[in-house]
Amino acid sequence: MDTASQKKWWKEVVVYQIYPRSFKDSDGDGIGDLKGITSKLDYVKSLGVDVIWLNPIYGSPNADNGYDISNYDDIMKEFGTMADFDTMLSEMHKRNLKLVMDLVVNHCSDEHEWFKQARSSRTNPYRNYFHWWPAEKGKPPFRPGNFEVDGSGWRFDSLTNSYYLHYFSYKQPDLNWENPKVRQEIYAMMNRWFKKGVDGFRMDVIPFIAKDTTFPVITQKDLDAKYDGRWDVYQASGPGLHSYLQEMNKEVLSKYDIMTVAEGAGTTKSTVMDFVDPDRKELDMAYHFDGVSLGYVPGYFKKMDPNWSLVAFKKIYSDWDSVFENKGWGTIYLGNHDQPRMVSRWGNDAPEYHDASSKMLTTFLLSMRGTPYYYFGDELGMTNIKFDKIEDYRDIETIAEYNKVKNAGGDVKGFIEDQKTGGARDNGRTPFQWDAGLNGGFTTGTPWLKVNDNKSTINVVAEEKDANSILNYFKKMVQLRKEHKDIMVYGKYTLLDVDNPDVYAYTREAGGKKVLVLLSFRKTGGKFNLGTMQLGKEWINNLQPLTVQNGVVNLQPYQACVVELK
Ligand code: GLC
């Protein structure tokens, strides 16, 4: 049996990710909220998408914008109330939209009651909900702490003379999954949300949950020998990991018709199947980081090499497709709340190329096998905001990285420049652009993060009116994927012209029918040699019809086309 014969609803959907803080503010406090989302569900429905993934909306002091949860059964004050949630969910279901929530259970907030109790004394019953290292044993062996200027994943807590583990900021203490009580608390919480009717979970850094609690010293040599030289691979290799996921599946997931997707941090082509092989009864899908990690200049924080290799890009996505050729199921994405805007990074946001390259990337995302996770605003062609000063940034990660450079006496100006095309997460978090008016129609108050000035042209109102807009192109691509599920969702994928440095070309085929997808990733266009192939009807094209001369297709800058083969 191959992947194509194992049909599931969650393989056929298009997932639309909404960053709630930045979608629509209903009460003028400058922060998006649930009532705002509810008020815009007709817009979401008009896109043709099926599933909404919301970043965390639970009680949180917002050290990391909701990825630090202080109450799993509550709604963040800025976002509204549980009644607002219930209304939102029922309005989604009325429109046949499903809701996927973010599940953040590698860590919680240091303001969660569990942690408040745990840190109060060494004998507190909640002490074992977290990982502690008593200071009388000396300093704990190094573990990385993302978002910390000193890079350490341990924080000293003087009250009990101990260090606690946090793979992210010190405001995000890691939960102790080795404690069965913690696991039971989490499963019960998940069951409560499923009983409310949510349709799935996107699982934040789920591969990191299990730890070797002897906390051995890990040297660079160990990392190189066993973990591809990478800390994230080490972190994703905890001994109990798959038994916990199987237990979670048995006690929670298997009871509902829902979907799950792992944020596949630290997973590789050789380990991912352990998460998504249906026979193992763990999770449905995972998303990898190989694609979005491409092109960064070593030694810098997310500095993009403008000459990143398309050949390498094609290899990554093709290799990942082949992982799921016979079993399991993949995902595809270019943007999310942790990434810069896709058009600024993988396309070209200069005025003359913005339209074509946005549409080209959308063609890629919606013509690949694997469930597409499409980030809100990319359907408008929203771009990086490119802040000139650190004070404009709100993101804990960018601020910590800036301070690392500053403390080391490094080139802070260069850092700010690098973030304009590269990785600063706030580039992808600016408020959604509804119209050309005040704050792009996002809020009547002061937005928590600046609105991009290009709201005057890149916005919903303008693009809904224009039949050729990026927005309308996105809708067409979604429809195409739905009308031709057999080919576009399940069909076999074959990479062509592997070494072509300018053009990404592949075929999708099913039931004796084949289409060719041609994508120009260059402002110089590109050429593709048809060989014996004969072009038929064009399904979609972001520019003028293809021109063929002596069997060679001449693609215009950032041209994209899906065309039948005879
Ligand atoms: C994931 C989230 C990211 C968050 C981190 C810690 O990578 O996507 O936004 O900061 O986990 O929870």
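Now for the domain arrangement of the protein. Taken domain by domain, the protein comprises domain 1 (4-107 + 180-474), domain 2 (113-165) and domain 3 (493-565). Relative to domain 3, the C-alpha centre of domain 1 lies at a distance of 30 Å. Across the contact, 23 residues belong to domain 1 and 27 residues belong to domain 3. Taken together, both faces of the contact between domain 1 and domain 3 bury some 2100 Å²; the carbon and sulfur share is 66%. Looking at the side of domain 1 facing domain 3, the largest losses of area belong to L310, K314 and M360, adding up to 29% of the total buried there. Summed over the shared surface of domain 1 and domain 3, the number is zero salt bridges. Inspection of the domain 1/domain 3 interface yields nine residue pairs in polar contact (both at pLDDT 80 or more). Looking at the side of domain 1 that touches domain 3, the elements that each hand over two or more residues are α11 (310-323) and α13 (351-367). Take the side of domain 1 that touches domain 3: its biggest share by element is nine residues, from α13. Taken together, the residues that form the side of domain 1 that touches domain 3 break down as 13 nonpolar, six polar and four charged.

Moving on to the site of the ligand. In the region of the ligand, 14 residues are neighbours, and D64, D204, E263, H337 and D338 sit closest. In this structure, R202 approaches the ligand through a side-chain N or O atom, which is 3.0 Å from an oxygen atom. Notes on the ligand: free accessible area 310 Å², of which the protein chains cover 96%. Partitioned by chemical class, the residues of the shell around the ligand number four nonpolar, three polar and seven charged.

Take unusual backbone geometry next. Phi is positive for K281, which is not a glycine, with a value near 55°. For K281, the position within the fold is in the loop between α10 (273-276) and β11 (285-287). Residue classification places K281 among the exposed positions, given a relative accessible area of 55%. A positive phi angle is found at K386, which is not glycine, with a value near 60°. Mapped onto the fold, K386 is located in the loop between β13 (371-375) and α14 (396-407).

Turning our attention to the sheet that holds strand β15 (residues 503-510). Ordered in space as β14-β15-β16-β21-β18, the five strands form an open sheet in which the pairing is antiparallel. On the outer flanks of this sheet lie β14 (492-496) and β18 (535-541), each paired with one strand and no other. Within the sheet, the average angular offset between the axes of one strand and its neighbour, ignoring direction, is 25°. Here strand β16 (residues 513-520) runs beside strand β21 (residues 560-565); their pairing, made up of five bridges, is antiparallel. Following the sheet pairing, L516 is matched in β21 by V563. Along the sheet face, α11 touches β14 and β15 and points at about 20° away from the line of β15.

Here we come to α11. An α-helical turn contains 3.6 residues, so a residue and the one three or four places further along point in the same direction. Under the 1.5 Å per step criterion, the end-to-end length of α11 is 20 Å for 14 residues, consistent within 8% with the ideal 20 Å. Restricting attention to buried positions, one finds in α11 the residues L310, F313, K314, I316, Y317, S318, W320, D321 and V323. As for α11, its buried residues are in contact with α10, β12 (331-332), α13, β14 and β15. The N-cap residue of α11 is S309: its side-chain oxygen and the backbone nitrogen of V311 are 3.2 Å apart.

Formed by 149 residues in total, the largest nonpolar core has its most connected members in Y43, F85, M190, F313, F364 and Y504. The biggest single contributor to this core is helix α6 (residues 180-196), with seven residues. For M190, the residues in contact, after removing those within four places along its chain, are L103, F201, M203, M248, V252 and L253. Listed in part, the 14 residues of the second largest apolar core include L496, L518, C561 and V563.

Right, let's talk about the pattern of salt bridges for a bit. Using the criterion set out here, one finds 42 salt bridges in the structure. We note a salt bridge from E91 to K94, for which the minimum N-O separation is 2.6 Å. Linking E91 with K94, this pair stays in helix α4 (residues 82-94), spanning three residues, or about one helical turn. Residue K94 is classed as exposed on the basis of its relative accessible area, which comes to 64%. For K303, the salt bridge goes to D418, with nearest N and O atoms at 3.4 Å. Highlighted residues: K303 in the loop between β11 and α11 and D418 in helix α15 (residues 412-421), separated in sequence by 115 residues. Among the residues examined, K303 registers a relative accessible area of 24% and is labelled partly exposed. The class of D418 is buried, set by a relative accessible area of 12%.

Turning our attention to the pairing of β13. Across the five residues that make up β13, a large majority, five, are buried. Burial of β13 is two-sided: the residues T371, Y373 and Y375 facing one way and the residues P372 and Y374 facing the other way are all buried. Both strand β1 (residues 15-18) and β13 contribute to a ladder of three bridges, which runs parallel. Across the sheet, Y16 pairs through a bridge with Y374, a residue of β13. Of the strand pairs in this sheet, β12 and β13 are connected by two bridges, and their pairing is parallel. Bridging from a neighbouring strand, T331 pairs with T371 of β13.

An order of β6-β8-β7 is seen for the three strands of this open sheet, with the pairing classed as antiparallel. Only two strands of the sheet have a single neighbouring strand rather than two, namely β6 (132-134) and β7 (154-157). Within this sheet the neighbouring strands show an average axis-to-axis angle of 30°, counted without direction. Where β6 lies against strand β8 (residues 162-165), three bridges are found, and the strand directions are antiparallel. Among the inter-strand pairings, W133 is bridged to a residue of β8, identified as Y163. Contacting β6, β7 and β8, helix α5 (residues 113-120) runs over the sheet at an angle of about 15° to β6.

Cut-offs and rules
Residues numbered from 1 in each chain as written. Predicted model: local features only at pLDDT ≥ 70, side-chain atom pairs only at ≥ 80, totals over all residues. Heavy atoms only, no water. Domains from an automatic or database assignment. Contact = heavy atoms within 4.5 Å. Buried area = accessible area lost by both parts, 1.4 Å probe. Salt bridge = Lys/Arg side-chain N within 4 Å of Asp/Glu carboxyl O. Polar contact = N/O pair within 3.5 Å; in protein donor to acceptor, adjacent residues only side chain to side chain. Helix = DSSP H or I, 4+ residues; strand = E, 2+ residues; numbered from the N terminus. Nonpolar A, V, L, I, M, F, W, Y, C, P; charged D, E, K, R; others polar. Near = heavy atom within 4 Å. Areas by Shrake-Rupley, 256 points an atom, 1.4 Å probe, with all protein chains shown as cover. Buried < 20%, exposed > 50% of the residue type's maximum accessible area, 1.4 Å probe, protein only. Pairing = 2+ DSSP bridges. Axes fitted to C-alpha atoms, helices over the stretch in contact; angles between N-to-C directions. Expected span 1.5 Å × (residues − 1). Core = buried A, V, L, I, M, F, W, Y, C linked by side-chain atoms within 4.5 Å.

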